[in-house]
Amino acid sequence: GAGVSQSPRYKVAKRGQDVALRCDPISGHVSLFWYQQALGQGPEFLTYFQNEAQLDKSGLPSDRFFAERPEGSVSTLKIQRTQQEDSAVYLCASSYRDRASRGNTIYFGEGSWLTVV
Amino acid sequence: GENVEQHPSTLSVQEGDSAVIKCTYSDSASNYFPWYKQELGKRPQLIIDIRSNVGEKKDQRIAVTLNKTAKHFSLHITETQPEDSAVYFCAAPWGGSTLGRLYFGRGTQLTVWP
């Protein structure tokens, strides 16, 4: 596709509800990232996949957060028993190579805006 | 992990003036420094980046400078235009064993007045 695609764009969840956020990275991109962006803040790292392998999940704030990328392309971020503090924009990003620190461009999606009421 | 600090948090300039945003980082092993522009409700978009083997990079009205010794890098926008108004984020990776993780500054809200 032309860019990183995320769905849903907007989600309102009742507290305690489970949500699933989907990310379609740019075709052929090896690396996939999830970031959380609170209002007025910079994106904060959640987790990183290289193909289907989840190499870093140290940014996930609690065990209610779970991410997967079973076939190395589409990824899903799942949040169980949502709480109000989970309200944020969840950004997915992808890059072609396997090490962003070597200076490979990371492309972001438009984000999924989650509001927990 | 990496600690990225960004200043100022807000910046207002008159159209045609220059704008400078500064960031510092803590991990001396960091070797790649991107800048992202984010308009309200939109995705962060890469506008320029610099690798640690150069001290300056320019792309039309935008330039980035890097001082590895002092561990800071800056974004320079010349001849600002109202459409430059947005939030700008700097970022740096952690050069350690964590792959692909970017640490972002808290952002600078740039407003360019016509």
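A few points on the structure. Because the structure is a prediction, the values reported are computed rather than measured.

## Here's the deal with the layout of surface pockets
Inference 1: Here the largest pocket defines a volume of roughly 540 Å³.
Inference 2: The wall of the largest pocket is formed by 27 residues, among which Q37, L39 and G40 of chain A together with Q38 and L40 of chain B lie closest to the centre.
Inference 3: Class assignment of the residues belonging to the lining of the largest pocket gives a composition of 11 nonpolar, 12 polar and four charged.
Inference 4: There is about 360 Å³ of room inside the second largest pocket.
Inference 5: For the second largest pocket, the lining is made up of 20 residues, of which E44 of chain A together with V4, F104, G105 and R106 of chain B are closest to its centre.
Inference 6: Contributions of two or more residues to the lining of the second largest pocket are made by β5 (44–50) of chain A together with β1 (5–7) and β10 (102–104) of chain B.
Inference 7: Here the lining of the second largest pocket is built from residues that sort into seven nonpolar, eight polar and five charged.

## As for the interface of chain A and chain B
How big an interface is tends to be stated in terms of the accessible area lost upon association of its parts.
Inference 1: The partner chain B presents 22 residues to the 29 residues of chain A that form the contact.
Inference 2: Here chain A and chain B share one salt bridge between them.
Inference 3: The salt bridge partner of R43 of chain B is E110 of chain A, with a shortest N-O separation of 3.2 Å.
Inference 4: For the interface between chain A and chain B, the tally reads seven residue pairs in polar contact (both at pLDDT 80 or more).
Inference 5: Of all elements in the fold, only β4 (31–37), β5 and β6 (53–56) of chain A reach the threshold of two or more residues within the side of chain A that touches chain B.
Inference 6: Each residue belonging to the side of chain A that touches chain B can be placed in one class, and the counts come to 12 nonpolar, 12 polar and five charged.

## A few points about the nonpolar core
Residues and elements named next belong to chain B.
Inference 1: One finds W35, F73, L75, Y88 and L110 to be the most contacted residues of the largest nonpolar core, which totals 25 residues.
Inference 2: At the level of elements, β2 (10–14), β3 (19–24), β4 (32–38), β5 (45–51), β7 (62–67), β8 (72–77), β9 (86–93) and β11 (108–113) are the ones that each hand at least two residues to this core.
Inference 3: Top element by residues in this core is β9. It accounts for four residues.
Inference 4: The contact partners of Y88, leaving out residues within four places of it in the chain, are Q6, I21, Y36, K37, I47, L75, I77, G107, T108 and L110.

## Structural notes on the side chain of R64 of chain A
Residue and element names in this part refer to chain A.
Inference 1: Of note, R64 is situated in the loop between β6 and β7 (65–68).
Inference 2: Of note is the side chain of R64, whose polar atom sits 3.2 Å from the backbone oxygen of R81.
Inference 3: In terms of polar contacts, R64 uses its side chain to reach the side chain of D86, at 2.8 Å.
Inference 4: Non-local contacts of R64, meaning those with residues more than four positions away in its chain, are made with K78, I79, Q80, R81, T82, Q83 and D86.

Rules and cut-offs
- Residues numbered from 1 in each chain as written.
- Chains lettered and ligands numbered in written order.
- Predicted model: local features only at pLDDT ≥ 70, side-chain atom pairs only at ≥ 80, totals over all residues.
- Heavy atoms only, no water.
- 1 Å grid on protein atoms, 1.4 Å probe; cavity = no way out; pocket = protein on both sides within 12 Å on 5 of 7 lines; lining within 4 Å.
- Points joined across faces, edges and corners; volume = space filled by probe spheres on them.
- Nonpolar A, V, L, I, M, F, W, Y, C, P; charged D, E, K, R; others polar.
- Helix = DSSP H or I, 4+ residues; strand = E, 2+ residues; numbered from the N terminus.
- Contact = heavy atoms within 4.5 Å.
- Salt bridge = Lys/Arg side-chain N within 4 Å of Asp/Glu carboxyl O.
- Polar contact = N/O pair within 3.5 Å; in protein donor to acceptor, adjacent residues only side chain to side chain.
- Core = buried A, V, L, I, M, F, W, Y, C linked by side-chain atoms within 4.5 Å.
- Buried < 20%, exposed > 50% of the residue type's maximum accessible area, 1.4 Å probe, protein only.

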